[in-house]
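# Structure at a glance
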Amino acid sequence: MTDPRTQVVERGYDAISDRFLEWRDQIVDDPRREWSGALTSRLADGARILELGCGAGVPDTFLLAERFRVTGVDISEEQISRARANVLEADFIRADFTALELEPAQFDAVAAFYSLNHVPRDLLAGLLESIYSWLVPGGLLLAAFGTSDTESWTGEWLGTTMFFSSFPPDTTRRMLSSAGFELLRDELTPMREPEGDVDFHWVLARR
Ligand SMILES: C[S@@+](CC[C@H](N)C(=O)[O-])C[C@H]1O[C@@H](n2cnc3c(N)ncnc32)[C@H](O)[C@@H]1O
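Residues numbered from 1 in each chain as written. Predicted model: local features only at pLDDT ≥ 70, side-chain atom pairs only at ≥ 80, totals over all residues. Heavy atoms only, no water.

## A short note on helix 6 (residues 169-179)
Three- or four-residue spacings in an α-helix give side chains the same orientation, since the helix completes a turn every 3.6 residues. To keep things clear, this is the line we draw: Three exposure classes are used, based on accessible area relative to the maximum for each residue type with a 1.4 Å probe and protein chains only: buried under 20%, partly exposed in between, and exposed over 50%. Put simply, DSSP marks the helices as runs of H or I at least four residues long and the strands as runs of E at least two long, and each gets a number from the N terminus on. The directions considered for the arc are those from the helix axis to the C-beta atoms. Any two residues whose heavy atoms approach within 4.5 Å are treated as being in contact.
Turning to helix 6, its buried residues number three or more, namely Pro169, Thr171, Thr172, Met175, Leu176 and Ala179. End-on, the buried residues of helix 6 take up no more than an arc of 160°, which puts them together on one face. The exposed residues of helix 6 that point more than 90 degrees off its buried face are Arg174 and Ser178. Buried residues in helix 6 make contact with helix 5 (121-134), strand 5 (135-145), strand 8 (182-193) and strand 9 (196-206). Just past helix 6, the residue glycine 180 takes up positive phi, approximately 110°.

Now the structure itself:
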């Protein structure tokens, strides 16, 4: 049974799949390409990557799939159906990644572009432990976490109801360490969304 807060996220992205892309394309100074490069420069061709919250598969899944074997996960049927159409070279799973059960040590890397700020706080530690288990020893995690001290925010966003949740960076760092990760790179990186400036906590970490 999917957590009701995650159901809000699922219904929300089902409703705004196209609008989200239009909104996202207006973001200025999105550092995703640089951080993605920080990950991919450490991976061999053909490495297996699990992408959590792949959305419509553009641009990240598409670019990753040019060099790597990518499995994208998203809970939104609308998002994942667009991803399947946009990225023929990747595999996709429609699932709640906080409840996903996968064989251990299957992936060389896990990537999450702007999806973990939708994970309810009480589910994040368990998710980090799962990610750790899905990675091979030495495997890499790249993720953009939220930065605000937000237990739970449900409200209107892009014309739908959306749920967000995040920890301050120190707490996120502690949780990553508790899950067993070694932080390789860890920065608050700003960008400009249409509504104003926002920081994300980008992390590159190693199992
Ligand atoms: C802000 S969008 C980002 C999409 C894409 N990564 C990008 O950067 O454009 C967040 C995505 O994460 C997905 N998502 C959030 N929580 C999820 C969960 N628990 N399980 C699976 N997908 C989830 C949403 O459905 C949505 O497609």
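## Here we look at the environment of isoleucine 93
In this fold, isoleucine 93 is placed in strand 3 (residues 91-94). Taking C-alpha positions, isoleucine 93 is 6.7 Å from aspartate 74, a pair spaced 19 residues apart along the chain. Look past the residues within four positions of isoleucine 93 in its chain and what remains in contact with it is Thr71, Gly72, Val73, Asp74, Ile80, Arg84 and Leu100.

## Things to note about the packing of helix 1 (residues 4-24) against helix 4 (residues 77-86)
Note the cut-off: The angle between two axes is taken between their N-to-C directions and runs from 0 to 180 degrees, where each axis is a line fitted to C-alpha atoms and a helix contributes only its stretch in contact. An angle below 35 degrees is read as roughly parallel, one above 145 as roughly antiparallel, one from 65 to 115 as roughly perpendicular, and any other as oblique. Residues were grouped as follows: Ala, Val, Leu, Ile, Met, Phe, Trp, Tyr, Cys and Pro as nonpolar; Asp, Glu, Lys and Arg as charged; and all remaining residues, including Gly, as polar.
At a minimum axis separation of 7 Å, helix 1 and helix 4 run at an interaxial angle of 45°. It follows from the interaxial angle that helix 1 and helix 4 lie oblique. When helix 1 is examined against helix 4, the residues Tyr13, Asp14, Ser17, Asp18 and Phe20 are found in contact with a partner set consisting of Glu77, Glu78, Gln79 and Arg82. Among the residues making up the contact of helix 1 with helix 4, the classes are represented as two nonpolar, two polar and five charged.

## What to know about the side chain of aspartate 96
To keep things clear, this is the line we draw: Charge assignment in this entry is limited to Lys and Arg as positive and Asp and Glu as negative, and neither His nor the chain termini are counted. We define a salt bridge as a contact between a side-chain nitrogen of Lys or Arg and a carboxyl oxygen of Asp or Glu at a distance within 4 Å. Polar contacts, as counted here, are pairs of nitrogen or oxygen atoms within 3.5 Å of one another; within protein the pair requires one atom able to donate a hydrogen and one able to accept it, and residues that are adjacent in sequence qualify only if both atoms are side-chain atoms.
You can see aspartate 96 is positioned in the loop between strand 3 and strand 4 (107-112). Comment: no salt bridge for buried aspartate 96; closest opposite-charge side chain is arginine 5, at 9.4 Å. Engagement of the side chain of aspartate 96 in a polar contact is seen with the side chain of threonine 98, the distance being 2.7 Å. Those residues in contact with aspartate 96 that sit more than four places away from it in its chain are Thr2, Thr6 and Ile75.

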